[in-house]
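# A closer look at the structure
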Amino acid sequence: MFLRVETHVLGHLTQQQTPHLVRATTLPAVPCSTHIQHGVQFSRKPARPAQIVAAGAKLNNTSHPLEDPSSRQTLLPESGVVYKEGDFVEVGTVKGAFGIVGELRVDVSTDNPKKRFRKGSKLFLQPPKPTGLLVQTLPREQPLYQVVVQSSKVRILPKGQQVWVLKSGEVTDRNTAEQLSGYRVLIPLSQREQLRDPDEFWVQDLVGCSVNLQTAPQERIGVVVDVVSGTGTYDTIVVQLNLTPQDITSSTTRRCMVPFVKVMCPEVDLQQRTIVINPPEGLLDLVSKKPMGKKLKPEQQEAMLAELAAGRQPSLARTRSAESTTTSDSSNSSSGSRR
């Protein structure tokens, strides 16, 4: 007797397998010894057992919608290069697959995507950072995966958004491309161009700088955690203000935005990792509160309060290594020079 099995998934309620509906019809198609694959719906045409096995092999590598992306096993060979902070620059993030031939949909974070994604360019893919229990099970230094760009193009999504689509020889099917969703696209720091304008800076170099008030002596008020573009005729630095006891007990941070223009940011010292600001009265009072990633445990709060009492500021700032530039006065042309 031969059975043809059609499997319909009702939905994922938890990370464990959920009940699903199976409907069997007596059609002369696949022997009943064929393994039933969860989540696969076979076509009405008779399928060979070898085709079912191939579909099952791909399905086993498909990620669960609730899994940690860093736990996926990719089909790409390791490059032998290990990621080290400060040695690479982010030029984009893989957002998923485009089409069925393994093209990658990339969210660009570089000012020059045409150059970075031109044919023959070598890019490194970094897996997402592990979370939860995976932090203890995965190695601290995860290897990078190298891909060589065969072609790149800009495509318009149904909602009018523009995305870059990359094709490489290492990713040849949609299944592998979907596995790479969330991976960071990197280039070596040595490939970053030298800036010609002294008043133009890489975002990566600004993030993490201490922010001091232009007073005598200078007073540290916070640290740069991001640089925002598109807020007008200038870029804006996002400053995470120094933590207070109230911030620690409520597990929140306070942030304010300072226009990155010469009159407000007169000094930028990348050697000392400091930015001196001269904000107008009331600007630093315009703060927004943001919850920390996780609520601090009592012992964590106690340790951080002890640091404050000792005159030290607990550090919560994240680093960003995107290859984008900003200027301290962009009221002129797009060259980014400060005149």
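Nothing here was measured: the structure is a model prediction, and the numbers come from that model. For every chain, the first residue of its written sequence is number 1, and the numbers climb from 1 along that sequence. Whole-chain, interface and lining totals are the exception, using all residues; otherwise, since this is a predicted model, local features are given only for residues with pLDDT of at least 70 and side-chain atom pairs are given and counted only at 80 or more. With hydrogens and water excluded, all non-hydrogen atoms of the structure serve as input to the side-chain values.

## Comments concerning the packing of aromatic side chains
How we decide: Side-chain rings of Phe, Tyr and Trp (the six-membered ring for Trp) are treated as a pair once their centres are within 6.5 Å; stacked means planes under 30 degrees apart, edge-to-face means over 60, and tilted covers the remaining angles. Per the convention used, a helix needs a DSSP run of H or I reaching at least four residues, while a strand needs a run of E reaching at least two, with both numbered from the N terminus.
Enumeration according to the criterion identifies four aromatic pairs in this entry. Pairing Phe-201 with Phe-260 gives two aromatic rings, centres 5.9 Å apart and planes at 70°, and the pair type is edge-to-face. Highlighted residues: Phe-201 in strand β10 (residues 200–202) and Phe-260 in the loop between β14 (252–259) and β15 (267–269), separated in sequence by 59 residues.

## Observations regarding the pairing of strand β6 (residues 122–126)
The line we're drawing: Only protein chains enter the calculation, and the probe is 1.4 Å; a residue is then buried if its accessible area is under 20% of its type maximum, exposed if over 50%, and partly exposed in between. Strand pairing is defined by DSSP finding a minimum of two bridges between the two strands.
Counting buried positions along β6 yields four of five residues, so the element is predominantly enclosed. The sheet contact formed by β6 and strand β7 (residues 143–156) spans four bridges and is antiparallel. Paired with Phe-124 across the bridge in β7 is Gln-146. Where β6 meets strand β9 (residues 184–188), three bridges bridge the pair, whose relative direction is antiparallel.

## Looking at the pattern of salt bridges
Keep this limit in mind: Salt bridge criterion: a side-chain nitrogen from Lys or Arg within 4 Å of a carboxyl oxygen from Asp or Glu.
On inspection of all chains with the given rule, the structure shows six salt bridges. With a shortest N-O distance of 3.1 Å, Glu-90 and Arg-184 are connected by a salt bridge. Taken as a pair, Glu-90 in strand β4 (residues 88–98) and Arg-184 in strand β9 lie far apart in primary sequence, 94 residues in all. When its relative accessible area of 18% is taken as the criterion, Arg-184 is described as buried. Between Glu-193 and Lys-115 there is a salt bridge whose closest N-O contact spans 2.3 Å. Here Glu-193 is found in the loop between β9 and β10, whereas its partner Lys-115 is found in helix α2 (residues 113–116), with 78 residues between them in sequence. Given the relative accessible area of 38%, Glu-193 is considered partly exposed. In this structure Lys-115 comes out as partly exposed when scored by relative accessible area, which is 27%.

## Some remarks on the environment of Asp-226
With respect to the helices and strands, Asp-226 occurs in strand β12 (residues 219–228). Assessed through its relative accessible area of 26%, Asp-226 is described here as partly exposed. With 23 residues separating them in the primary sequence, Asp-226 and Val-203 have C-alpha atoms 7.9 Å apart.

## A look at the sheet that holds strand β11 (residues 210–213)
The test is simple: Throughout, an axis means a line fitted to C-alpha atoms (over the contacting stretch in the case of helices), and angles, computed between N-to-C directions, take values from 0 to 180 degrees.
Reading across the sheet, the seven strands line up as β15-β16-β11-β12-β13-β14-β17 and stay open at both edges, with mixed pairing between neighbours. Strands at the two margins of the open sheet, each flanked by one partner only, are β15 and β17 (288–291). Going from strand to strand, the sheet's axes swing by 35° on average, the running direction of each strand aside. Here four bridges tie β14 to β17, and the two strands are oriented antiparallel to one another.

## Details of the nonpolar core
Short version of the rule: Only buried residues count toward a nonpolar core, which is a set of Ala, Val, Leu, Ile, Met, Phe, Trp, Tyr and Cys residues joined through side-chain atoms within 4.5 Å. We call two residues contacting when some pair of their heavy atoms lies within 4.5 Å.
Ile-237, Val-239, Val-258, Cys-265, Ile-275 and Ile-277 are the most contacted members of the largest nonpolar core, which has 22 residues in total. Not counting residues within four places of it along the chain, the set of residues in contact with Ile-277 comprises Val-211, Asn-212, Leu-213, Gln-214, Ile-221, Val-258, Met-264, Cys-265, Pro-266 and Leu-284. The next biggest cluster of nonpolar side chains, apart from the first, holds 20 residues, and it includes Phe-117, Leu-125, Val-149 and Val-171.

## Brief notes about the confidence of the model for the chain
The line we're drawing: Each residue carries a pLDDT value, the predictor's own confidence for that position, ranging from 0 to 100.
Summing up the model confidence of the chain, the mean pLDDT is 75 and the portion of residues at 70 or higher is 65%. This stretch, residues 1–68, has a pLDDT under 50; its non-local contacts, to residues over four places away or in other chains, come to 88 contacts. Low pLDDT, under 50, characterises residues 329–339; the stretch is placed with 24 contacts to residues that sit more than four places away or in other chains.

## Digging into unusual backbone geometry
The linkage connecting Ala-216 with the following residue, Pro-217, adopts the cis geometry, with an omega of -5°. Turning to its location among the elements, Pro-217 is positioned in the loop between β11 and β12. We note that Ser-251 has phi near 55°; this positive angle belongs to a residue other than glycine. For Ser-251, the location among the structural elements is in the loop between α6 (245–250) and β14. Given the relative accessible area of 5%, Ser-251 is considered buried. In this structure, Arg-273 is a non-glycine residue whose phi angle is positive, near 60°.

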